[in-house]
Structures are given as structure tokens and as C-alpha cells.
Amino acid sequence: MRKSRIALYAFCVPVALWLVAPTLVVIPLSFTADRSLAFPPREFSWRWYESFFSSSQWLGGLLNSLQIGLLVAIIATVLGTLAAYGLSRVSGFRKTFSNSLLVLPMLVPSVIFGVGLYALFLRMGLVGTLPGFLIAHTMLALPYVVVNVGAVLVSYDRQLERAAWISGASKPKAFLTVTVPAIMPGVASGFLFAFITSFDEVIVSMFISNPYLQTLPVRMYSSLQREVDPTIAAAASVIMTITTAAALIAIFARTRRKADT
Amino acid sequence: MTTATRPAGSGAPPRARRGLGPYGILVLPVILIVVLCFVVPMLTVLVRAVTEPEPGLQNFAWLFASDHTLALIGRTLRLAGAATLITALIGYPYAYAMATAGPRVQAIMLLVVLLPFWTSMMVRTFAWIIILQNNGVLNAMLTGVGLPPQSLLYTQTAVLIGMCQVLMPFMVLPMVAVMRSIDMRIPLAAQTFGAPPVKAFFTVYLPMSLPGVLSGALIVFILSLGFYVTPALLGSPREQILPNALFNQIVDLLNWGQGGALAVALLVTVGLAFVLVYLVTRALGLKVNVAGGAQL
């Protein structure tokens, strides 16, 4: 290996460590027996998981996040799939305009969207309510579904659907029985992305939550601002396990999609 | 879609046969929902900025007259600039190593750079607190090798360490895309004509890879402007940036007028950066993918 190549890798290894290390400290820390966040933990214990699962605030936050995440994923997937399908059949200005509008929530700083929603929700009594969270998170999750489903629709052969029409299927039936199965990998990864987006969201959620309805990331944020105890590490490990599982399934769905086409 | 799969004469697919085409039935309702639930809330912020406490532009006059707010905007821009510069300087060698490595190393390097992006923001921020706190992992390592401990948590350095980590993929991936398209025989040709490798790199390779650097830098800059959690938890409350000041004005002080003016300032800054991205990418003929930047 050339000297310059060795120097290059000597630079990249610490960079890789910087990128990876933080993810590696959280899970071991969640099993500490100490009250402090000293790392590495000296003794093994489950006590912070017990503390997590026996606290109504932490467990309640987790259940809220799971419920909101699943509902948001369902709503965003239905809306996003319909929009992406419709967009694949038009072109020109309408397409560019709609596409830009649909991915907008991905690009505008969430704090601005949060302020706006907070203003409206205060008047409409939606702060700290399930419908409020569903509206907020669906807006943030929608772009991921549109992008994922749009990507598979590019390679979808619409002749299949026409064949179903000619064979007598109604348009909605042809869409549900022919098109949807064909674009399923994109729909599935859109669903999981939408779930992760909602499950992880903290900025907008902080604006629209109240003590009666909090999600897990919001609960984590407020406890990080006050006292730091290793229950947070247990919470972080629970979040990581759930999002990693969802992400792995999404990646799997995506690679299968590539293999299929 | 290839032209062969399209029936004759359907430059645009069939539309408007029964009044509403697929656009009207499928896309328009979703667009309306997005306008109602996303665009309208943001417009109300703008409206409140010019109507509270009374109609007029006094909130914007405050924005530009107060040293505090000008310092806030300046600090936000500086932080975004610093994050862009750091990710570019660290990302370039990383991207070069990745673009010129074998497929297996390349796959590992891709996984490594994407890992922070895939990790939940709260988890990532919490991990940095564990590492950077005074009796944390970093200081244990520093004192272990005989170096003086650093008190990094609650400083701008900590904010930059945490921010740049998750911004890396947005810098590295466009760089790699451009670098992979560079024909390595061209810098080699420069060396054949007698240029030393360093000179061949700086006069031939670097200019050819600049479009990737530029598109990465623009995306990173835009995303840096919207960070909230990392500065709030890793930074010092005395060195607030726009998104955090905005949150305080609205949620803690219920100051909708001035908070709204701050929101407009942030939105305009991001908007201007976008116009810049659009113009530059168009001039260079690049495609920039900004998917996934909302949650930082």
C-alpha cells in the first residue's frame, strides 16, 4: 500500500470512531448498577430497565409514541401512496409544483412548523391531544412515503394495470389488486420511514405536547434538561432497539425491491 | 417509464376525461391537506409577526435594531458556516478514501457515515453528554494518556461535535458521487507529464471534484440553520441561536410578535440559502438530494 493511502486511512479511522462511538456507549451504560452516568459501568444490573418499565411517565411515553407512530404510518402511507401514484401519471408544472409542496415539510426547519402548529392548536384546543399529534407527525412523515413510493413507481409498468382494466376490473380494484402489490416494497419502506419519523420526532412534539400527553423523545428531552439518571440510558436503548429494527426492515424491503426490478 | 410502454400520443398520460383526472382525484386532496396543516400554520406565524401586539412592522424594526437579535442571527450564521467548513474539511478525505476504495471497504465506510443519521436524535445527543461530560468517556481517555482533561460540554465545540457528526452523510455522499465519476487516468496523465502527485491532485483532481463539495456544502449549510436539540442540550444557554431563541420567545414568554419575527428571519435565511442552492446546482447541472433533513 502506498504511503499516502496509509495516511488517508490513518485519518479516516478516528473519523469513523467519531461517527460510530456515541452509538456504542448508550447500551452498555443502560445496564449500569450506579446512579451516575460514569462510563464504563462497573457492575451489571437491570435496575434502570425496571425503573423505566415501572414508571407511568416513561412507559406511558413509550406507549404514546408507539400508538402515534403506528397511526401516523398508516395515515401517511395511504395519503402518500395515493399522491405518489397520482403524480406518476401527470407531468409538467403540476408535477413539479406538487412534488415541491409535498417534500416541503422535510426541508423547512421543524421549529418554524412547530411554532405555527402551536399557534393554531392553542386556539383549536388540540395541544396535548392525539389528533394534534397525528396531524403534526403525518405532515413530517408524508414526504418520506411520497419519495419511497415515487421511486418504485418509476419502474412500474403501467401496462399491467391497463391489462386489468381491459379484463374488466374497475380502476380502484385494478389499483388495489395489481398496482399496490407491485409497488409493495416501496409502500412498505415508506410505512417504516413514516413510523421512524414520528417515533423519533421531538421538536414539533415539544410544542404540541402537555403533561397529559407526551411522547418518549419529549419525555427524554425534559428529563435531560433536569436531572440526569441512567433511566434515560434505558429509554435511549429502547428507542434504539425499536428504530433499528424498523430501519433494518426498511433497508431489507428496499434491497428486495432492487433485486425484483 | 420508457417511450415504448406509452400508448401513442400520450405525452402527458390520459387526463380530465371526466372532469377530474388522476391528479384531481388523487393528488389534489393530499395537496389541500398539506396546505391546510402545513402551509397555513406557518402563514399564521407570519401574520402574527406583523399584527401583534398591534398591526405594523415594529417587530421587524426590533429585529434589526436590537444588538441582541443581530448577534443571534450572526451567531446562527457563524455556527452554520463553521459546521459546513468542518464537515467539508473532514468529509473530503473521507469521501476520497471511500470513492477510491474497493467495494467492501466502500460499503463499510457508507454504513459508518450513515449510522449517526439513522440513530435517533435524542439518543445521539444523550450519547454525547455521556462522552463529553466532565467525568465522561473523553476525559477518562485523555487523562489515561496523560493529557489534561477538557471541559467541553455546554460549549460551542460540543455543539459542533454533535452537529457535524450527523451532517457528515449530507457532505460525504454528494462528494463520493462526483468523485466516482472522475476518470482516475486524468490526474495520472498529469503525473505522466511530470507533475508531482501533490500538484496533480490540487490542479487536476480537486477542481474536478469541486461540484460535489459545493452541493454538499450548500445542503449542510441549510440543514445547520435548523438545529434545535443539539444546541439546546450540548451548548451554553448564553450562546443561543435562532431556533432556540424562537422557542423561548413563544413557549416561555408567549411573545408571539417578536417570536414570529424571529421565525420569519429564520425562514428567510433558509429560503435565501435555497435560492442559492437552486442557482448553483442549475449552473453546474447537478442533482442534489436533500431527502431526510427535517429532523436534526
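Residues numbered from 1 in each chain as written. Chains lettered and ligands numbered in written order. Predicted model: local features only at pLDDT ≥ 70, side-chain atom pairs only at ≥ 80, totals over all residues. Heavy atoms only, no water.

Per an unreviewed UniProt entry, the recorded name for chain B is ABC transporter permease, and the organism is Sediminivirga luteola. As stated in UniProt under Subcellular location (unreviewed entry), the record for chain B gives "Cell membrane". Quoted verbatim from the Sequence similarities (unreviewed entry) field of the UniProt record, the comment on chain B reads "Belongs to the binding-protein-dependent transport system permease family. CysTW subfamily." (UniProt positions renumbered as here; feature names shortened; annotations may be inferred.)

Per an unreviewed UniProt entry, chain A goes by Polyamine ABC transporter permease and derives from Sediminivirga luteola. What UniProt records for chain A under Sequence similarities (unreviewed entry) is the sentence "Belongs to the binding-protein-dependent transport system permease family."

Right, let's talk about the overall build of chain B for a bit. Secondary structure summary: chain B contains twelve helices and zero strands in total. Scanning chain B from its N terminus toward the C terminus, one meets helices and strands in the order α-α-α-α-α-α-α-α-α-α-α-α. Residues counted as buried form 50% of the 296 residues belonging to chain B. Taking contacts inside chain B between residues at least 6 apart in sequence as the whole, the part at least 24 apart equals 71%. (Helix = DSSP H or I, 4+ residues; strand = E, 2+ residues; numbered from the N terminus. Buried < 20%, exposed > 50% of the residue type's maximum accessible area, 1.4 Å probe, protein only. Contact = heavy atoms within 4.5 Å.)

Turning to the overall build of chain A, a few remarks are in order. Regarding its fold elements, chain A presents twelve helices and zero strands. Its helices and strands in sequence order give chain A the pattern α-α-α-α-α-α-α-α-α-α-α-α, from N to C terminus. Burial statistics for chain A: of 261 residues in total, 56% are counted as buried. Taking all contacts inside chain A whose residues are at least 6 apart in sequence as the whole, residues at least 24 apart take part in 72%. Counting every atom, chain A has about 11,200 Å² of accessible surface; 69% of that belongs to carbon and sulfur. Between the mean site of the 20 positive side-chain charges and the mean site of the 10 negative ones, chain A shows a separation of 14 Å. (Areas by Shrake-Rupley, 256 points an atom, 1.4 Å probe, with all protein chains shown as cover. Lys, Arg positive; Asp, Glu negative; His and termini not counted. Charge placed at Lys NZ, Arg CZ, Asp CG, Glu CD.)

Detailed reading of the predicted model is not advised wherever pLDDT is low. Taken residue by residue, chain A gives an average pLDDT of 89. The fraction at 70 or more is 97%. Put simply, helix α12 (residues 231–260) of chain A is where chain A has its lowest mean pLDDT, 81, and helix α3 (residues 56–87) of chain A is where it has its highest, 95. (pLDDT = per-residue confidence, 0-100.)

Let us now look at the side chain of R75 of chain B. Residue and element names in this part refer to chain B. One can find R75 in helix α3 (residues 67–99). Look at R75: it is buried, it has no salt bridge, and the nearest opposite charge is E239 at 5.5 Å. A polar atom in the side chain of R75 sits 2.4 Å from the backbone oxygen of Q240. Apart from residues no more than four positions distant in its own chain, R75 is found in contact with Q156, R238, E239, Q240 and I241. (Salt bridge = Lys/Arg side-chain N within 4 Å of Asp/Glu carboxyl O. Polar contact = N/O pair within 3.5 Å; in protein donor to acceptor, adjacent residues only side chain to side chain.)

Sequence positions flagged by UniProt for "transmembrane region" (unreviewed entry) are, in local numbering, residues 25–50, 70–95, 107–131, 151–179, 200–229 and 261–280 of chain B. Helix makes up 87% of residues 200–229 of chain B and strand 0%, with an end-to-end C-alpha separation of 43 Å.

Below, the discussion takes up the layout of surface pockets. For the second largest pocket, the calculated volume is near 680 Å³. Forming the boundary of the second largest pocket are 19 residues, of which R2 and S4 of chain A together with Y96, P197 and F201 of chain B lie nearest the centre. Going through the elements one at a time, α1 (3–30) of chain A together with α3, α8 (185–192) and α9 (197–224) of chain B are the ones with two or more residues in the lining of the second largest pocket. Broken down by element, the lining of the second largest pocket gets its largest block of residues, six residues, from α9 of chain B. (1 Å grid on protein atoms, 1.4 Å probe; cavity = no way out; pocket = protein on both sides within 12 Å on 5 of 7 lines; lining within 4 Å. Points joined across faces, edges and corners; volume = space filled by probe spheres on them.)

Right, let's get into the interface of chain A and chain B. Opposite the 79 residues of chain A that make contact, chain B presents 82 residues. Of the roughly 7,500 Å² buried where chain A meets chain B, counting both sides, 79% is carbon and sulfur surface. Interface area lost by chain A to chain B is led by W18, L19 and I112 of chain A, which between them contribute 9%. Counting every contact that joins chain A to chain B gives zero salt bridges. At the boundary of chain A and chain B, one finds seven residue pairs in polar contact (both at pLDDT 80 or more). Considering each element in turn, the side of chain A that touches chain B owes the most residues, 15 residues, to α1 of chain A. Considered class by class, the residues forming the side of chain A that touches chain B number 60 nonpolar, ten polar and nine charged. (Buried area = accessible area lost by both parts, 1.4 Å probe. Nonpolar A, V, L, I, M, F, W, Y, C, P; charged D, E, K, R; others polar.)

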